[in-house]
Amino acid sequence: MCGRARCTLSAAQAARAFGFPTTTTAAGPGGGAGDAPAVRTLDLDRFRPSYNVSPGAYLPVGTLRAHTATGGDGGRGDGGVEPVIQCMKWGLVPSFTGKNEKPDHFRMFNARSESVKEKASFRRLIPKNRCLVAVEGFYEWKKDGSKKQPYYIHFQDRRPLVFAALYDTWTNSEGEIIHTFTILTTRASTSLKWLHDRMPVILGDNASVNLWLNDASVKLEEITAPYEGADLVWYPVTPAMGKISFDGPECIKEMHTGPREKPISNFFTKKSSAEDQSLKPEKITLECAKTHASRASKVECDEAVENQPDDVNRRQLEDNQNTSSIVKDEPVSLEHQVFGKPQSIKDEDIMTSTDITIEKRHDSGIKRKIEDTEVKSEMMENSVWSHSQPTTTKKGKGAPSDGQASLLSYFARK
């Protein structure tokens, strides 16, 4: 089908497209020389050039009319025919339409060439009401799901397209005679089947134009065959031209339709490629091995603590009890030299409190406490102490049975 077109042709350009003669005009005061159709023209002031023509608009149409009786306009008046360019409204309104009816130009803006002889609205027009419509190109839409992408179709050398058409006249309630036309369509050519199943009947040369206008005896099947020329090209244009109000050069501006860009959310989507799938078993195995190793190490540590000698555990408990008794029962000031400086029992309290805090934090880990005690003992043995005397405390409890000094004896003396 053909429901939208571009037509910005001048009267002379339309005349040449129809094969009508043109003349060169002399230069006027406002411009240079030009050309004009050398045939009769009617109602051309109604034509409005547009890049987005739709049914209901006026377009220049070429046809053959009988010579006028007087010949005042250049006609011979001998009863013959002559070429005429007349503005007609796109969208056929049959002459038998009631005067008071509102015309619907979208109802018959196309006529199927295969069945044009079967319908009364078109059959009676074939002998004497044939005409030509010239445009620079037409639009067709490609369906893509719920979306439609328009394409602009034209000749590669930019010459006008000429369509086969039929026209009729209708008189409205005000007595105005309105000329309307319909464009014939045929099946799509081989190169355009991907876009649509129908296309307008394109008369690609002067021979086919003359046959359509002048030879009523020619078979319609021969004239209305799809145009298969390789010079008919197309490209996508903006979907905005789907609106009738959208007009201008932007309608035919080529739109580059590349591959669709991926939304940014795809960059945050977890990939599941074959490579990732192959790495998953190895990753799971490694994590399981780490878990088993951690559990085995924990079991070994627990067993090591449980297997410590009983005397070591007993000694550590006794030291803890002695430390607690000293802090609680003896708020006595003791002075001693540590690295040549006097210190009071406050330092001892701090150290004892620290030990108690460590004990509270690690009361469930006896091994950690034993290691801390051994490290402190080694440090004190290598320190600058010159004499070490056993410390006697009040209310002492549980003195070590093996003769070793308690941890507090290294920090205090009488």
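Along each chain, the written sequence defines residue order, and numbers are assigned to residues from 1. For a predicted model such as this one, the threshold for reporting local features is a pLDDT of at least 70, and the threshold for listing and counting side-chain atom pairs is 80 or more; totals across whole chains, interfaces and linings nevertheless cover every residue. The basis for the side-chain values is all heavy atoms of the structure; hydrogens and waters are excluded.

**Student:** Any chance you could explain the overall build of the protein chain here in plain terms?
**Tutor:** Broken down by element type, the protein chain carries eight helices and 17 strands. A burial count over the protein chain gives 36% of its 414 residues as buried. By sequence separation, contacts in the protein chain at least 24 residues apart represent 69% of the contacts at least 6 residues apart. Total accessible area on the protein chain is roughly 25400 Å²; 52% of this is exposed by carbon and sulfur atoms. Segments assigned H or I by DSSP are reported as helices when at least four residues long, segments assigned E as strands when at least two residues long, and all are numbered from the N terminus. Relative accessibility thresholds used throughout: buried, under 20% of the residue-type maximum; exposed, over 50%; partly exposed, between the two (1.4 Å probe, protein chains only). The contact criterion used is simple: two residues touch if any of their non-hydrogen atoms lie within 4.5 Å. Per-residue accessibility takes into account occlusion by the displayed protein chains alone, with areas from the Shrake-Rupley method and a 1.4 Å probe.

**Student:** Honestly, helix H3 (residues 206-214) in this entry has me stumped. Any pointers?
**Tutor:** Counting along an α-helix, one turn takes 3.6 residues, and residues three or four places apart therefore face a common direction. Here H3 has its buried residues at Ser208, Val209, Trp212 and Leu213. Angular distribution of buried residues about the axis of H3 spans 125 degrees; they occupy a single face of the element. Summarising the geometry of H3, the exposed residues directed more than 90 degrees from the buried face are Ala207 and Asn214. For H3, the elements touching its buried residues are helix H1 (11-18), strand S6 (58-66), strand S9 (130-135), strand S12 (161-171), strand S13 (177-187) and helix H4 (220-223). Throughout, the arc means that of the directions going from the helix axis to the C-beta atoms.

**Student:** I would appreciate a short explanation of the pairing of strand S11 (residues 147-155) in the present structure.
**Tutor:** Within a regular beta strand, the side chains point alternately toward one face of the sheet and then the other, so they alternate between its two faces. A large share of S11 lies buried, amounting to seven of its nine residues. Summarising the sheet, strand S10 (residues 137-144) and S11 pair through seven bridges and their orientation is antiparallel. In the sheet register, lysine 143 faces S11, and the bridge partner there is lysine 148. Taken together, S10 and the strand that follows it, S11, pair antiparallel across an intervening segment of two residues, in which glycine 145 is found at a positive phi of about 70 degrees. Should DSSP find at least two bridges between two strands, the strands are regarded as paired.

**Student:** Honestly, the side chain of glutamine 149 in this entry has me stumped. Any pointers?
**Tutor:** For glutamine 149, the position within the fold is in strand S11. A distance of 2.7 Å separates the side chain of glutamine 149 from the backbone oxygen of valine 237, its partner in a polar contact. Apart from residues lying up to four places away in sequence, glutamine 149 is in contact with Glu140, Trp141, Lys142, Pro236, Val237, Pro239 and Met255. We call two N or O atoms a polar contact when they sit within 3.5 Å, provided that within protein one can donate a hydrogen and the other can accept it, with sequence-adjacent residues counted only if both atoms are side-chain atoms.

**Student:** Could you clarify how one ought to interpret the packing of aromatic side chains in this entry?
**Tutor:** The geometry of an aromatic ring pair comes down to the distance between the two centres and the angle between the two planes. Only the six-membered ring of Trp is used, alongside the rings of Phe and Tyr, when aromatic pairs are assigned; centres must lie within 6.5 Å, and planes under 30 degrees apart are stacked while those over 60 apart are edge-to-face, with the rest tilted. Under the definition given, this model contains 10 aromatic pairs. Arranged with centres 5.9 Å apart and planes meeting at 75 degrees, the rings of phenylalanine 138 and phenylalanine 163 form a pair that is edge-to-face. Placement of the pair is phenylalanine 138 in strand S10 and phenylalanine 163 in strand S12, with a sequence separation of 25 residues. Each member of the pair, phenylalanine 138 together with phenylalanine 163, is buried. Cluster of aromatic residues (ring-pair linked, three or more members): Trp90, Phe106, Phe109 and Phe181.

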